[in-house]
Amino acid sequence: MTQIIALAGSLRSQSYNKNLVKIAAKGAEEQGAHVVYVDLADYPIPLFSEDLEAEGTPAAVNDLKHLFAKSQGILLASPEYNGSISGVLKNVIDWLSRPSQGADVGSAFNGKVAGIMAASPGGLGGLRGLGHVRDILNNLGAVVNPTQVAVPAAYGVFNEQGVLLDEDLAQRVKALGAQVADMASRLND
Ligand SMILES: Cc1cc2nc3c(=O)[nH]c(=O)nc-3n(C[C@H](O)[C@H](O)[C@H](O)COP(=O)(O)O)c2cc1C
């Protein structure tokens, strides 16, 4: 069965990007994929340093690496910070991009299908950051789906349960999840 890892680059409990990626995850599940949702707040990952790495990869990083290695697709919702990606997300990607220390784990990104999205209170919905996410994932060998979704004015588009109130928009987000699941299953046939 195709496995998709879904995560947001935010630690915030009420994160719009967590809401968003969970909707894309539903689309992937409806396409028949098994989705593993990861909340980065559950993974205490220090700021990357090669000195720290030389002492051994932190357990939380190795746990994530194993999850990524077993997944064929990635759904990623990336908050836009200062026109780019959040420090939290870049830090996690930097750790995951490194060869494992003593653990037999495959590449986190190479050959994986990725679907990217963003939600922001601003008018562009995090669109500027998505270009940077796409570049980074391409550099790491992921196949990034050409379709992406940016959700502006995020403070007013979700209800308290994290449901997108605009049904057309929700369908677009789900369709992205379904596309990634479909591409990932074909690539791994
Ligand atoms: C340091 C910082 C920089 C930000 N820069 C931007 C920005 O460039 N563009 C934007 O649309 N929103 C920006 N925001 C607002 C975030 O989009 C907003 O906090 C959003 O809720 C973060 O995503 P989350 O809800 O998933 O945590 C910034 C927020 C912070 C804390």
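Up top is the structure.
Keep in mind it's a predicted model, so treat the numbers as computed, not measured.

Q: Teacher, can you tell me more about the site of the ligand here?
A: Near the ligand, the surroundings consist of 13 residues, among which Arg12, Ser15, Asn17, Glu80 and Ser120 are the closest. With respect to the ligand, the side chain of Asn17 contributes an N or O atom lying 2.7 Å from an oxygen atom. One of the side-chain N or O atoms of Glu80 is found 2.7 Å from a nitrogen atom in the ligand. Here the ligand has 620 Å² of accessible area as a free molecule, and 70% of this is covered by the chains. Within the residue set of the shell around the ligand, elements represented by two or more residues are helix 1 (16–30) and strand 4 (80–81). Taken together, the residues of the shell around the ligand break down into four nonpolar, six polar and three charged.

Q: Please explain the packing of aromatic side chains as it appears in this structure.
A: Any aromatic ring pair is given by two values, namely how distant the centres are and how the planes are angled relative to each other. Counted under the stated rule, the structure contains three aromatic pairs. Centre to centre, the rings of Tyr16 and Phe158 are 6.2 Å apart; their planes meet at 10 degrees, and the pair counts as stacked. With Tyr16 in helix 1 and Phe158 in the loop between strand 8 (149–151) and helix 6 (167–187), this pair connects stretches of sequence that are 142 residues apart. Ring centres 4.7 Å apart and planes at 75 degrees place the aromatic pair Phe48 and Trp95 in the edge-to-face group. Note that Phe48 is positioned in the loop between strand 2 (34–38) and helix 2 (50–55) and Trp95 in helix 4 (residues 87–96), a separation of 47 residues in sequence.

Q: Can you help me understand helix 4 in this one?
A: In an α-helix, one full turn covers 3.6 residues, which means residues spaced three or four apart are oriented alike. Residues Leu89, Asn91, Val92, Ile93, Trp95 and Leu96 constitute the buried set of helix 4. Looking at the buried side of helix 4, the elements it contacts are helix 2, helix 3 (59–69), strand 3 (73–77), strand 5 (84–85) and helix 5 (127–139).

Q: Is there a simple way to explain the nonpolar core in this structure?
A: Side chains of a nonpolar character, in soluble globular proteins, are inclined to be buried together. Membership of the largest hydrophobic core comes to 32 residues, with the highest contact counts inside it found for Val38, Leu64, Phe68 and Leu137. Looking at this core, the elements with two or more residues in it are strand 1 (3–8), strand 2, helix 3, strand 3, helix 4, strand 6 (113–119) and helix 5. Leave out the neighbours within four places in its chain, and Leu137 touches Leu76, Phe109, Ala114, Ile116, Ala142 and Val144. Ala28, Val151, Leu169 and Val173 belong to the second largest nonpolar core, which has 29 residues in total.

Reading the values: the criteria
Residues numbered from 1 in each chain as written. Predicted model: local features only at pLDDT ≥ 70, side-chain atom pairs only at ≥ 80, totals over all residues. Heavy atoms only, no water. Near = heavy atom within 4 Å. Polar contact = N/O pair within 3.5 Å; in protein donor to acceptor, adjacent residues only side chain to side chain. Areas by Shrake-Rupley, 256 points an atom, 1.4 Å probe, with all protein chains shown as cover. Helix = DSSP H or I, 4+ residues; strand = E, 2+ residues; numbered from the N terminus. Nonpolar A, V, L, I, M, F, W, Y, C, P; charged D, E, K, R; others polar. Phe/Tyr/Trp six-rings, centres within 6.5 Å; stacked < 30°, edge-to-face > 60°. Buried < 20%, exposed > 50% of the residue type's maximum accessible area, 1.4 Å probe, protein only. Contact = heavy atoms within 4.5 Å. Core = buried A, V, L, I, M, F, W, Y, C linked by side-chain atoms within 4.5 Å.

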